[in-house]
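For reference, the chains in residue letters:
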Amino acid sequence: MIEDDLRAAFARHEPLTPSTGPLRAAIDRLAAVRRRRRQRFQAAGVALALLAALGVGVPQLRPDRPAADPLLPGQSAGERSEALNVLLLGVDGFGEAPSYRLADSVLLVHIPADRSRPYLISLPRDLEVSIPGRGTDKLNSAFYHGAGAPRPDLDAGYDLTRQVVADLTGVRVDAGVVLTFAGLRKITEAVDGVEVCLPKEVRSWHTRRVFPAGCQQLDGAASVDLLRQRRYLPDGAFDRDRNAQRYVDGLIRRVVAQDVLTNPARLAALLSAAGKNVTVDDDGLPLTKLAAVLPELKSVDPVGLSLPAGPSGDNAARLSLDPKQGPAFLAALAEDRLAQWVEQHPGQVNRTR
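Thresholds, definitions, all that
Residues numbered from 1 in each chain as written. Predicted model: local features only at pLDDT ≥ 70, side-chain atom pairs only at ≥ 80, totals over all residues. Heavy atoms only, no water. Phe/Tyr/Trp six-rings, centres within 6.5 Å; stacked < 30°, edge-to-face > 60°. Helix = DSSP H or I, 4+ residues; strand = E, 2+ residues; numbered from the N terminus. Buried < 20%, exposed > 50% of the residue type's maximum accessible area, 1.4 Å probe, protein only. Lys NZ or Arg CZ within 6 Å of the ring centre and 35° of its normal. Pairing = 2+ DSSP bridges. Disulfide = S-S within 2.5 Å.

The name recorded for the chain in an unreviewed UniProt entry is LytR family transcriptional attenuator, from Micromonospora violae.

Okay, structure coming up:
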């Protein structure tokens, strides 16, 4: 009796139920846009990472803008380029061990307005920062909070980290790249290895491999192994940041030596190497424009720097901005005076060679 009444009720109200067609069509459209966006990110990621590291004038790659429109805020078409800041995030284990979603390598590539040379600025992973909606936490956890679970999103993780870095440094982040260690391994293999020059021997906590002091050619697996190390290093995560700078220096030199940006076959190999293990914030810049522009830098030899930081009170697991050098360093970065700051603080330069 009850079942018959229920069937009759459903039959009476079924004509009143809205059609699911429009909703499903909207979901399909959103999914298609998301797939196209992800494909564009995957295809452009490596090119932007390489071009950004080499100092290409990214805002100048937008010819579709009206001539009267400023290329950057406050800049007219006839004025010189402004400084650029590109955020590079290295994510440990993403895609291989989904439980790891921390951006343990946070590198800000600063390209000065005079295009003299790039500055590789390491931001400590354990730096205590304010994360919107999450309170105070370590810098590397910003990516985790943004990416979410159980299916982490590279784009969302980058977006929140970018906001935190911009708030921390006071500079505009013009573009950025997220690269997992799986993607880094594939890119390294695509350029037939990267030479890394170490000032001291490094022993791997994970594989027991020994990396001797001096310059050495590393394949993809060895590069990932080296960049994961901090436990046996005298300065722990600080030394790992310096090794990341040395790797980027070696990658830049490798790309330049192989003419990757002017060799379609080599460029195509790199574009497909990282696959889903890379994403990029390119602000709509077309890949063809990125690939067609030659680096503007007068020198591709980077200057390695670290944001001045030290222990945070009684919490040895966290760091805070150095009260003396930190504000001065950030002011020099915001005012595009890093060359002057380096002259005044030569001991703060991380040697990559």
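**Q** Before we move on, can you summarise the packing of aromatic side chains with the specific residues and values?
**A** Taken as a whole, this structure holds 2 aromatic pairs when the rule is applied. Between Phe-329 and Trp-341, the aromatic rings sit 4.9 Å apart at their centres with planes inclined by 85°, giving edge-to-face as the arrangement. Taken together, the residues Phe-329 in helix 10 (residues 325-334) and Trp-341 in helix 11 (residues 338-344) connect sequence positions 12 residues apart. Neither residue differs from the other here; Phe-329 and Trp-341 are each classed as buried. Positioned above the aromatic ring of Trp-205 is the side chain of Arg-208, whose terminal nitrogen or guanidinium carbon lies 5.7 Å from the ring centre. Taking NZ or CZ as reference, Arg-231 lies 4.8 Å from the ring centre of Trp-205, over its face.

**Q** Before we move on, could you go through the pairing of strand 2 (residues 103-111) and cite the residues and values that matter?
**A** Most of strand 2 is tucked away, with 9 of its 9 residues classed as buried. As judged from the 8 bridges shared by strand 1 (residues 84-91) and strand 2, these two strands associate in the antiparallel manner. From the neighbouring strand, Val-86 faces strand 2, where its bridge partner is Val-109. Where strand 2 lies against strand 3 (residues 119-122), 4 bridges are found, and the strand directions are antiparallel. Residue pairing across strands places Leu-107 opposite Ser-122, the latter belonging to strand 3.

**Q** Which residues make up the state of the cysteines, and what values go with them?
**A** Simply put, the disulfide is a covalent bond whose two ends are the sulfur atoms of two cysteines. For the structure on display, the rule yields 1 disulfide. In this model Cys-197 forms its disulfide with Cys-215; the gap between the sulfur atoms is 2.0 Å. Judged by the torsion about the S-S bond (105°), the Cys-197/Cys-215 disulfide is right-handed. Here the residue Cys-197 occupies a position in strand 7 (residues 194-198), and Cys-215 occupies one in strand 10 (residues 214-218), the gap between them amounting to 18 residues. On the accessibility criterion, Cys-197 (5% relative accessible area) is buried.

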